[in-house]
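Listed below, chain by chain, are the residues.
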Number of protein chains: 2
Amino acid sequence: MTKTRTLSDLARHLGLSPATVSRALAQHEQIAVKTRARVAQAAKDLGYVPNRTAQALASGRTGFAGFLLPMRGRGLADPFLGEFVSALTEGFGAKGVELLLSAVPRDGSEDRHLESLITSGRVDGVVVSRIECNDTRIALLLSRGVPFVAHGRLAHDEEGYSWLDTDGEVAFAQAFDLLYQAGHRRFGLLSIDDPLTFREKREAGLRKAYDANGDPALTLRHVSCSRYDAQARAKAVAGILAGPDRPTAILAIADGLALELIAQAQSQGLSVPDDLSIIGFDNIPSAAHVTPGLTTFDACIADSATQLAEMLLARIKAPSSPHDQRLVRPQLVLRGTHGVAPQRAA
Amino acid sequence: MTKTRTLSDLARHLGLSPATVSRALAQHEQIAVKTRARVAQAAKDLGYVPNRTAQALASGRTGFAGFLLPMRGRGLADPFLGEFVSALTEGFGAKGVELLLSAVPRDGSEDRHLESLITSGRVDGVVVSRIECNDTRIALLLSRGVPFVAHGRLAHDEEGYSWLDTDGEVAFAQAFDLLYQAGHRRFGLLSIDDPLTFREKREAGLRKAYDANGDPALTLRHVSCSRYDAQARAKAVAGILAGPDRPTAILAIADGLALELIAQAQSQGLSVPDDLSIIGFDNIPSAAHVTPGLTTFDACIADSATQLAEMLLARIKAPSSPHDQRLVRPQLVLRGTHGVAPQRAA
DNA sequence: AATTATTTTGCAAGCGCTTTAACTAGTTCC
DNA sequence: GGAACTAGTTAAAGCGCTTGCAAAATAATT
C-alpha cells in the first residue's frame, strides 16, 4: 500500500494549519475564497484524498447507509434484489454516500444484527425492507433514534416513521374489477404464509373489492403456502386448481407463484387465459418471457429505491424533520394471462 | 441517538485499563482467560459494542470490502447482480467483513472512482468484475498494493493477480461439438461489441473447435452489436437470421441475446429447435421460463461469488501470499432450444 | 530468600481528521 | 487614538480505539 498523504502533510506544504486546510476543503464560508482555491489546487497536485475513516470518527458521520441482507435458501435471492440495490446505490452515490450491505447469518436474529450494525456506528442510517405486520425493527430503530426509512409499512401503524410502499391494496382491487368485468365469478387467491404486510394489504384489497361487489354468484378460494418450500408451493398450486369448481380467475400474490401456477395449469391441459385467467404482482423479468406473457403489476422497484435513498438522506440531514410517507401506485402491465371468463361447460 | 458506551466506560466499570479490555475483547493470548471472560460478560451486561470506525482508524483495517457498481442505462442492471452481491455479502459476512457498494457516476471514470475508494481508506480490499481485455483497473490496484480479486481475467495476462473466471472457452467448444454432432453445419455466433474478456474467450472457444473440426461444409456467421442499445440488438438478431442460408445453429454470447433471438425467430415463423437450434450462456432465470426452455450454460454465479469472497479475505489476511487463479467449469443445462439439424429444403 | 522467568496489566502515543474557542490583523467609528 | 467590529486563521482538545513498550504481580528456580 503506497503511503498516502495526510491533512497535516498538505497543511505543512501550504504553510497553513490543518484546521484551515480542513475547513478550506469543506468549503467553509469563513475561509477566504482565495485560500480555498489555493488549498484545492495543492490537494489536487499532491494527490491528497482525505481519509474517510478519520473523517467519520471525528465528525460522527460515516457516509454509509446500511441495508441488511437476510441469508435464506441459496439462490433464493429476491428476484429484484439487484435492481433494488443498484438503484439504492445510485441514489446514495449521488450524494457521496455509499451502501453497506450486511449479511444476517442464517441462524442469527435480524434484530440483533441490526442493533449491532447501528450501535457499532458503521452507518448513518439504514433502509429496512420486507416489513412484517408487527415488525420489531421499526420500534428498535425508533428507540435508538437512528435515521431510517422502511420499504413497506406496519399493518396497523403508519405514523411516526418514514416509509414508502407500493399500493398493493389498490392494485388487487383493480385486478378484481378487471376480471369481474371480464365475466369471472369464481376467484382464487394464491398467497403465502409469511406475515409480510404487503401480503396483508394485497389480500385486503381483493377482499374489499370482493365484498363491495356483492354479486351472490361470487366465490373465492384462498390458498396459501410457505414461500421457501417448493413442495408446499406445488401443493398449494395443485390445491387451487383442484376440483370441477376451480376458479376461473386467480390472483397470485407474487409473480413467482403466478409462474408456477401457469406451468401447472398448462401441464394439466388448461389453457391460459381461455380456461383460466391469472394476474400476478411484481413484474419480474421472467413475467415477460413466459408464454403467454404474465399480466401483472409493475412494482416500480428501481424508482422506489431511488426515492427511498433520497428519503433516507433527508432524514440523515434533518433527523427531526416531519416523516415522509409515500404510496407508489403500481402499474398494471397487460399481457396475455387474463381474458374473458370461459363459458360454463353444460 | 442514545448515548453509546465506550471502551473506557467499560474499563472503568471493570477497574481495568482500556488497553486490557481492548485486548481481552480481541481474545489476545496475553490476557488471562479469566479476565477475558469477565470482560466479555461485562460487555454483554452493559451492552457495549465497539465503535467500528474508531477500530478502523486505530488498527488500519476497516472490515469493509468494496465493489463498484457502474451506473448504466436504468433497469439494465446485470441480471445476476442480485445473486452475485448476495453471495458476496454472505461470503464476507461469515468473517465479519461487510460489502461496500459504491456507485460509479454515469459520467465518471471507473478508474478514478476506484482510486478514490482505495486511497480514502474506505475498504480493505476490492473485487472487480466485468474485466475487459486490457483492463486498466488491475494495473492500478497492483500499483497501489491493494488486496483485490478479479471476477474474470485479462485477455493476455493471467499472472500476477488473483482471479476467478468461468471457462467460456471450453463451454463454447462443447456447445459447438454438441451441435455438430446433431448434424448442424451452418453456425451462427451472436455476440456483443464490448471488449470484455469473457466475450473473447467464448468466441475463441467456438473458433478453435470450429477450426479444429475442419469439415469443409462448415460455415460461420458472426454478428455482434452494442449491448446497451436495443435497436442495435434487434438489428443484429435480424441480421443473423437473414437470407436463405441462415445458420441452423446459433450460439449466443449471453442469455439476454438468446432470448431476443428466440422471440425474433419465432415471430418470423421459425420453429425452435426444429428449424433453428440456440444455445446461450449464463442461465438467467428467464431462460427456464421461455418456451421452449433455453439450452444454456450455468455460470454458477453464486458459487463464484462465494469463492471470490473467500479469495479476497485470504489476500487481505496475507497480502503477499501466492496468487490464486481459478477456472470454473460452467454446467451445460439442456433444455429445449437445441435439436438435430433440419433437413435441407430441396 | 534472593533471583529469574513468566504472566498480567497499564501508560501513553498515536490513527487522521473535525471543531470549539480563542487569537491576530485589518477596518471602521466617534 | 482607542474602542468595537469583522474577517481570516490557528491551537488544542478530542472522536474511540489499538498497540509497542514497560511496569507490576505472580510463579518458578536455585
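Up top is the structure these notes are about.
Residues numbered from 1 in each chain as written. Chains lettered and ligands numbered in written order. Predicted model: local features only at pLDDT ≥ 70, side-chain atom pairs only at ≥ 80, totals over all residues. Heavy atoms only, no water.

Chemist: Sorry if this is basic, but what is going on with the protein's contact with DNA strand D here?
Modeler: Taken together, 24 residues lie around DNA strand D, and A:T20, A:R23, B:L7, B:S22 and B:Y48 are the ones closest in. The sugar-phosphate share of atoms of DNA strand D within 4 Å of the protein amounts to 56%. Here B:S22 contributes a side-chain N or O atom positioned 2.4 Å from a phosphate oxygen of DNA strand D. At the level of elements, α2 (18-25) and α4 (52-59) of chain A together with α2 (18-25) and α4 (52-59) of chain B are the ones that each hand at least two residues to the surface near DNA strand D. Ranked by the residues each element gives to the surface near DNA strand D, the list is headed by α4(B), at four residues. Considering only residue class, the surface near DNA strand D consists of 12 nonpolar, 10 polar and two charged. (Near = heavy atom within 4 Å. Polar contact = N/O pair within 3.5 Å; in protein donor to acceptor, adjacent residues only side chain to side chain. Helix = DSSP H or I, 4+ residues; strand = E, 2+ residues; numbered from the N terminus. Nonpolar A, V, L, I, M, F, W, Y, C, P; charged D, E, K, R; others polar.)

Chemist: Can you walk me through the sheet that holds strand β8 (residues 249-252) of chain B in this structure?
Modeler: In sheet architecture, strand pairing relies on hydrogen bonds along the backbone and comes in two forms, parallel and antiparallel. Residue and element names in this part refer to chain B. Taken in spatial order, the four strands of this open sheet run β7-β6-β8-β9, and their pairing is parallel. At either margin of the open sheet sits one strand with a lone partner, and together these are β7 (219-225) and β9 (277-279). For this sheet, the mean angle separating the axes of adjacent strands, direction not counted, is 20°. In this structure, strand β6 (residues 186-192) lies alongside β8, joined through four bridges in parallel fashion. Residue pairing across strands places L190 opposite A252, the latter belonging to β8. (Pairing = 2+ DSSP bridges. Axes fitted to C-alpha atoms, helices over the stretch in contact; angles between N-to-C directions.)

Chemist: Even after reading the chapter, I still don't get the relation of the copies chain B and chain A, so can you show me in this structure?
Modeler: Here two copies of a chain appear, and what relates them is a rotation about an axis with a shift along it. With an RMSD of 0.1 Å, the operation that places chain B on chain A is a rotation of 180° combined with a shift of 0.0 Å along the axis. On this basis, the relationship between the two copies can be described by a two-fold rotation axis. When C-alpha positions in chain B are compared against the rotation axis, the closest is assigned to B:G82, at 1.8 Å. (Least-squares fit on C-alpha atoms with pLDDT ≥ 70 in both.)

Chemist: Explain the nonpolar core here, please?
Modeler: Note that soluble globular proteins tend to have their nonpolar side chains buried in a common cluster. A:F92, B:F67, B:L88 and B:F92 are the most contacted members of the largest nonpolar core, which has 152 residues in total. Apart from the residues lying within four places of it in its own chain, the contact partners of B:F67 are B:L81, B:F84, B:V85, B:L88, B:L99, B:L100, B:L101, B:S102, B:V127 and B:S129. Ranked by size, the runner-up nonpolar core spans 40 residues in total, among them A:I118, A:V123, A:A150 and A:Y161. (Core = buried A, V, L, I, M, F, W, Y, C linked by side-chain atoms within 4.5 Å. Buried < 20%, exposed > 50% of the residue type's maximum accessible area, 1.4 Å probe, protein only. Contact = heavy atoms within 4.5 Å.)

Chemist: Can you help me understand the protein's contact with DNA strand C in this one?
Modeler: Near DNA strand C there are 24 residues, and of these A:L7, A:S22, A:R23, A:Y48 and B:S17 occur at the shortest range. When atoms of DNA strand C within 4 Å of the protein are sorted by moiety, sugar and phosphate together comprise 60%. In the model, a phosphate oxygen of DNA strand C is placed 3.1 Å from a nitrogen or oxygen of the A:N51 main chain. A distance of 2.6 Å separates a phosphate oxygen of DNA strand C from a polar atom in the backbone of B:S17. For the surface near DNA strand C, the secondary-structure elements that each account for two or more residues are α2 and α4 of chain A together with α2 and α4 of chain B.

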